Amino acid sequence: MQAQADLAWGGKSAPGMPTPPVPPSQSYYGGFPMLPHMMPHMMPSKPENASEMEMGRDSGADAKPVSRSIAYHSDGPKGIRGFGLLQIVNFVGFVLNAFIVNTSSLGWYGATNTELSRKYTTFLTPRGTAFSIWGLIYITQGIFTIYQLFPSQRGTNNVFVNRITWAWTSVNLCQIIWTVVFAQDSVWSALVFMALIWASLLTIVVRLDPGRSATLIVGTYLDAERFNVSPLEWFIYYLPFQIHFGWITVAFILNTNVTIVFEKASVEIMFAVAIACLGIALSSAVFWVATRRDMVHAFVIAWASHWISQHITDTSGEVPLPWGTPNDTLMVKSLAMAAGIVSVICLLLGFVAMFLAWGSYFLARMSRASGAGQGMFSVRR
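Residues numbered from 1 in each chain as written. Predicted model: local features only at pLDDT ≥ 70, side-chain atom pairs only at ≥ 80, totals over all residues. Heavy atoms only, no water.

## A look at the overall build of the protein
Helices and strands together make up the secondary structure of the protein, namely 12 helices and four strands. Expressed as a percentage of the 381 residues in the protein, the buried residues total 49%. Here the analysis covers contacts within the protein between residues at least 6 apart in sequence; of these, 74% occur between residues at least 24 apart. (Helix = DSSP H or I, 4+ residues; strand = E, 2+ residues; numbered from the N terminus. Buried < 20%, exposed > 50% of the residue type's maximum accessible area, 1.4 Å probe, protein only. Contact = heavy atoms within 4.5 Å.)

Here you go:
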């Protein structure tokens, strides 16, 4: 403990002298004091005999134990007694976003999305059934919003809430603005805000897995950023945003194609862009499966690609192809086949990722592995 205290204070104590007291204002990381100038990777590693419940950032007689998965990431702002500031921001943002987006179908802010889909039909516009995924997005995010208000999740020690709140606030705000500007037929402005939504969700996905992001960006893995993720935590904190991120990736691609139609591009250009966008969607699924075992992203791309293929070959006229292009031309049939192939490949990728993620978790549980081996993505984390 003396050496640990020396490391924390940046120097050695004189022989026989007691260990300097730790100011109550200092944050704790892994049970050790963390000074403002010290980064997490400079902290001592977690003791081998650490218990299942350890102290987070708060200290003193009134300190409350927090779960191991969040004990080492108490870097959020101080909250108020009861509901923390971040929990309130999440709740208000979600409610406002859900209200504005869902009432847009009533035409309160201008043209509805259905009307604009018919006006700016593209080769990649999916059949209407595809948009039912929004129901799943709002249900899972609603569960997250309620769950983070539970007494066990309140306060400043919830690493998940600390890491994603402001990025999710950006998502909610940009989604509200996108809904209004798109309803007003401002296509280029809608594209800009769609890009901001995508970037904000990307931030959430990266911040939920800091150790892996360090591997991708810096080339080194930060052991100090490791924390376990249980199946419940994955369902509550990861699943809602992985579904949303996957679908916004598709929506960003679709919005790009809508902008090209808005600029009255030729059929040949729209077809070439559609092919390129299918390749981008497939590459996105491969990337997230290969780097993070993100089965959800692959499944969402597979879902969207399937309904794109169904729309292209649909002869009912529900949503016609650009400039009245016939559905039975060789060009259209080849595009539908390409979308179908992308859907199948992404579906297979999703099952591979699911086997790697869940399989490693249950194997670790069966072998009674300890430490990092008990996490949802623990094999590489």
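Here the narrative resumes.
## Some remarks on the packing of aromatic side chains
Counted by the stated rule, this structure contains 23 aromatic pairs. Look at F94 and Y138: their rings are 6.2 Å apart centre to centre, the planes differ by 55°, and that puts the pair in the tilted class. Remark: Y138 occurs in helix α5 (residues 133–147) and F94 occurs in helix α3 (residues 85–103); sequence separation between them is 44 residues. Accessibility classification places F94 together with Y138 in one group, the buried group. Here the aromatic rings of Y147 and Y237 are separated by 6.1 Å at their centres, their planes lie at 70°, and the arrangement is edge-to-face. Of this pair, Y147 sits in helix α5 while Y237 sits in helix α9 (residues 231–262), placing them 90 residues apart in sequence. Using a relative accessible area of 18% as the deciding quantity, one classes Y147 as buried. (Phe/Tyr/Trp six-rings, centres within 6.5 Å; stacked < 30°, edge-to-face > 60°.)

## Some remarks on the side chain of T179
Position of T179 among the secondary structure elements: in helix α6 (residues 159–183). Polar contacts involving the side chain of T179 include one to the main-chain carbonyl oxygen of Q175, which spans 2.8 Å. When neighbours within four sequence positions are excluded, T179 is seen to be in contact with I100, V101, S104 and Y109. (Polar contact = N/O pair within 3.5 Å; in protein donor to acceptor, adjacent residues only side chain to side chain.)

## With respect to the nonpolar core
Side chains that are nonpolar tend, in soluble globular proteins, to be buried together. Core analysis: the largest hydrophobic core is formed by 81 residues, its most contacted members being F123, I197, I204, Y237 and W247. Going through the elements one at a time, α3, α5, α6, α7 (187–207), α9, α10 (267–292), α11 (295–312) and α12 (330–366) are the ones with two or more residues in this core. With 17 residues, α9 is the largest single contributor of residues to this core. Setting aside residues up to four positions removed in sequence, I204 forms contacts with I164, A167, W168, V171 and F241. (Core = buried A, V, L, I, M, F, W, Y, C linked by side-chain atoms within 4.5 Å.)

## With respect to the environment of W178
Among the secondary structure elements, W178 is positioned in helix α6. Expressed as a C-alpha distance, the spacing of W178 and L191, which sit 13 residues apart in the sequence, is 8.2 Å. Not counting residues within four places of it along the chain, the set of residues in contact with W178 comprises N113, A190, F193, M194, I197 and N255.

## So, the pattern of salt bridges
Tallied over the entire structure, the rule returns one salt bridge. Its salt-bridge partner being K119, residue D185 comes within 2.6 Å of it at the nearest N-O pair. Taken together, the residues D185 in the loop between α6 and α7 and K119 in helix α4 (residues 113–119) connect sequence positions 66 residues apart. (Salt bridge = Lys/Arg side-chain N within 4 Å of Asp/Glu carboxyl O.)

## Concerning the side chain of D294
By the secondary structure assignment, D294 is in the loop between α10 and α11. Notably, D294 is buried but unbridged: the nearest opposite-charge side chain belongs to R292, and the N-O separation is 7.3 Å. If near-sequence neighbours (up to four positions away) are discounted, D294 is found in contact with Q242, W288, V289 and A353. (Lys, Arg positive; Asp, Glu negative; His and termini not counted.)

## Structural notes on α6
In this model, α6 (25 residues) spans 37 Å end to end at C-alpha, consistent with the 36 Å of a helix rising 1.5 Å per residue. Largest kink in α6: about 45°, centred on T165. Counting buried positions over the 25 residues of α6 gives 19, a clear majority of the element. Remark: D185 follows α6 within two positions and exhibits a positive phi of approximately 65°. (Expected span 1.5 Å × (residues − 1). Bend = angle between axes of the 7 residues up to and from the residue.)

## Some points on the packing of α3 against α6
The interhelical angle for the contact between α3 and α6, taken along N-to-C directions, is 20°, at an axis separation of 9 Å. Classified by the angle between their axes, α3 and α6 sit roughly parallel to one another. The handedness of the crossing between α3 and α6 comes out as left-handed. Counted together, L86, Q87, V89, N90, G93, F94, L96, N97, I100 and V101 of α3 and V161, N162, T165, W166, W168, T169, N172, Q175, I176 and T179 of α6 form the full contact between these two elements. (Axes fitted to C-alpha atoms, helices over the stretch in contact; angles between N-to-C directions. Parallel < 35°, antiparallel > 145°, perpendicular 65-115°, else oblique. Left-handed = near helix turned anticlockwise from the far one by under 90°.)

## Some thoughts on α5
For α5, built from 15 residues, the straight-helix expectation of 21 Å at 1.5 Å per residue is met to within 8% by its first-to-last C-alpha distance of 21 Å. For α5, the full list of buried residues reads I133, I137, Y138, T140, Q141, G142, F144, T145 and Y147. Turning to α5, the residues buried within the fold contact α3, α6, α9 and α11.

## Here we look at a nonpolar patch on the surface
On the surface, I88, F91, V92, V95, L96, I146 and F150 cluster together into a nonpolar patch covering about 580 Å² of accessible area. Here the element with the most residues in the nonpolar patch is α3; it accounts for five residues. The residue F150 is located in the loop between α5 and α6 in this model. (Patch = residues over 30% accessible without salt bridge, like charges linked within 9 Å, V, L, I, M, F, W, Y side chains within 5 Å. Areas by Shrake-Rupley, 256 points an atom, 1.4 Å probe, with all protein chains shown as cover.)

## Focus on the packing of α6 against α7
Angle between the axes and distance between the axes: these two values describe a pair of packed helices. Two elements in contact, α6 and α7, have axes separated by 8 Å at closest approach and are oriented at 165°. Taken together, the axes of α6 and α7 lie roughly antiparallel to each other. For the pair α6 and α7, the crossing hand works out as left-handed. Looking at the contact of α6 with α7 residue by residue, the classes come out as 16 nonpolar, six polar and two charged. (Nonpolar A, V, L, I, M, F, W, Y, C, P; charged D, E, K, R; others polar.)

## Looking at unusual backbone geometry
A positive phi angle, close to 60°, is found at K264, a residue other than glycine. Relative to the assigned elements, K264 resides in the loop between α9 and α10. The exposed category is assigned to K264, whose relative accessible area is 66%. Backbone geometry at R293 places phi at a positive 55°, although glycine is not the residue there. Tracing the backbone through its elements, the reader meets R293 in the loop between α10 and α11. In this structure R293 comes out as buried when scored by relative accessible area, which is 11%.

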